[in-house]
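Descriptive analysis of the structure
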Amino acid sequence: MSRDSKFDLDIVVLYCRQCVADEFAPPSSVSGAGFVARFVMIPCSSKVEASYVLKILAEGADGVEVVACPDKKCQFLVGNIRAEKRIGYARNLLEEIKMGAERLGMTKGEGLSETQLTDIAEKRAGQIKPLGPNPMKGENR
Amino acid sequence: MIIAEWKPIPEMVDKLRGHKKVLLVGCATCVAECAAGGQREVETLAPLLRMAMQVEDNPIEIHTKTLERQCEWEFVEELADTIGEVDAVLSIACGIGVQAIAERFPEIPVYPGVNTTSLAIREAPGLWTARCAACGDCILGETFGLCPVARCAKGLLNGPCGGTRKDGKCEVDENTDCVWYLIIKRAEERGELEKLAKIRKAKDWSNSDHGGPKRMIREDLQP
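The model shown is predicted, which means the values in this text are computed figures rather than measured ones.

Once that is clear, we can look at the confidence of the model for chain A. Taken residue by residue, chain A gives an average pLDDT of 91. The fraction at 70 or more is 93%. By mean pLDDT, strand E2 (residues 29-32) of chain A is the weakest element of chain A at 90, and strand E4 (residues 63-68) of chain A is the strongest at 98.

Following this line, the structure appears as structure tokens:
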């Protein structure tokens, strides 16, 4: 990481494989203005447990965005609904410890392109910016 | 199963302040079933506490372990190898598990991460309701398998109070069934309503908490 990008917000995007365009070939990461998005494919948003996203944040990511299929479009019928509840639960925990619920979010979409996923990450970064970098980042302490 | 709930995170953080290495211990039995203290909850709480401590500039190292049963000495013994590496233990097992660790390793502070609340059943996903109060003198045989000690807000033993709602719910909580409504309904369905009119001996409370700490002895099992 270059010195100039030292304070770029590190956003991890966990996206359901069903909600991206068929031809989507994910890069491991994309840099934007003030943020770096790292894309991780998951088989279904329902695979995301509260512990996973909390661990990602505890390891230093500034934010996590879970991208799920739209309502009634989940291949597992209710996977996105379950994910939404877990994300809500984890957001409450983050608020309780004063890390900021904004560090975690969820978006629903289908046929998403790399640009759209990057836009989602940028939106998350915008909400996190007022909070500053994750206190777990050793380099920012 | 024994039911427990996480204590508020700030309360846990308050106890951990001043410690540098903490062992977070779960239990894979009752508290795992009620989603408070199993492996999954250990994995959720560990990063959460690390972040909570970091936010207030008290970085902490958290080791984790989930025992099969924290209330059995054989399993508690599994901590012997690692307990010397930490300066405190946070247990998210029931109060029995917390005390077992504290008794086996008296040299180290052991803090509870949960409040143990009741003996309950998983009524539906994400909903646990009390079923037993461990009162020491079970009367389920006379109340059609429904416990008024644990499930009546007033602990009434001889029938409903006047506060049962028209839909059969308790006046204390609109989401809780009036257990006496359920008892009478079940008695009616069995055609045995008259059994509830039978005069019973006063319940013996001496084997409950009122009789002091309990001990159960089976000499045939003792060494």
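As a further point, take the interface of chain A and chain B. Across the contact, 14 residues belong to chain A and 11 residues belong to chain B. Of all the elements in the fold, those that place two or more residues in the side of chain A that touches chain B are helix H1 (50-58) and helix H2 (79-96) of chain A. Ranked by the residues each element gives to the side of chain A that touches chain B, the list is headed by H1 of chain A, at six residues. Of the residues belonging to the side of chain A that touches chain B, the class tally is nine nonpolar, one polar and four charged.

What follows is about the environment of methionine 216 of chain B. Residues and elements named next belong to chain B. Looking at the secondary structure, you find methionine 216 in the segment after helix H7 (179-189). Under the C-beta neighbour-count criterion, methionine 216 is labelled exposed, with 4 such atoms within 10 Å. The spatial distance from the C-alpha of methionine 216 to the C-alpha of serine 91 is 26 Å, given a sequence separation of 125 residues.

In this section: the domain arrangement of chain B. Interface size, as often reported, equals the accessible area lost upon joining of the parts. When the domains of chain B are assigned, the result is domain 1 (2-117) and domain 2 (134-200). Centre-to-centre separation of domain 1 of chain B and domain 2 of chain B, based on C-alpha positions: 38 Å.

With 82 residues, the main nonpolar core has Val13, Val53, Leu57 and Val67 of chain A together with Val31 of chain B as its most contacted residues. The element that contributes the greatest number of residues to this core is helix H3 (residues 39-55) of chain B, accounting for eight residues. For valine 53 of chain A, the contacting residues outside a window of four places in its chain are Val48, Val64, Ala90 and Leu104 of chain A. Counting nine residues, the second-largest nonpolar core is a separate cluster that includes Leu146, Cys147, Cys152 and Trp180 of chain B.

With that settled, the discussion passes to the sheet that holds strand E7 (residues 127-132) of chain B. All names here are of chain B. What the three strands build is an open sheet, ordered E1-E6-E7; its pairing is antiparallel. At either margin of the open sheet sits one strand with a lone partner, and together these are strand E1 (2-6) and E7. Pairs of neighbouring strands in the sheet enclose a mean axial angle of 70°, with direction left out of account.

What counts and what doesn't
- Residues numbered from 1 in each chain as written.
- Chains lettered and ligands numbered in written order.
- Predicted model: local features only at pLDDT ≥ 70, side-chain atom pairs only at ≥ 80, totals over all residues.
- pLDDT = per-residue confidence, 0-100.
- Helix = DSSP H or I, 4+ residues; strand = E, 2+ residues; numbered from the N terminus.
- Contact = placed C-beta atoms within 7 Å.
- Nonpolar A, V, L, I, M, F, W, Y, C, P; charged D, E, K, R; others polar.
- Buried ≥ 20, exposed ≤ 12 C-beta atoms within 10 Å, placed from the backbone.
- Domains from an automatic or database assignment.
- Core = buried A, V, L, I, M, F, W, Y, C linked by C-beta atoms within 7 Å.
- Pairing = 2+ DSSP bridges.
- Axes fitted to C-alpha atoms, helices over the stretch in contact; angles between N-to-C directions.

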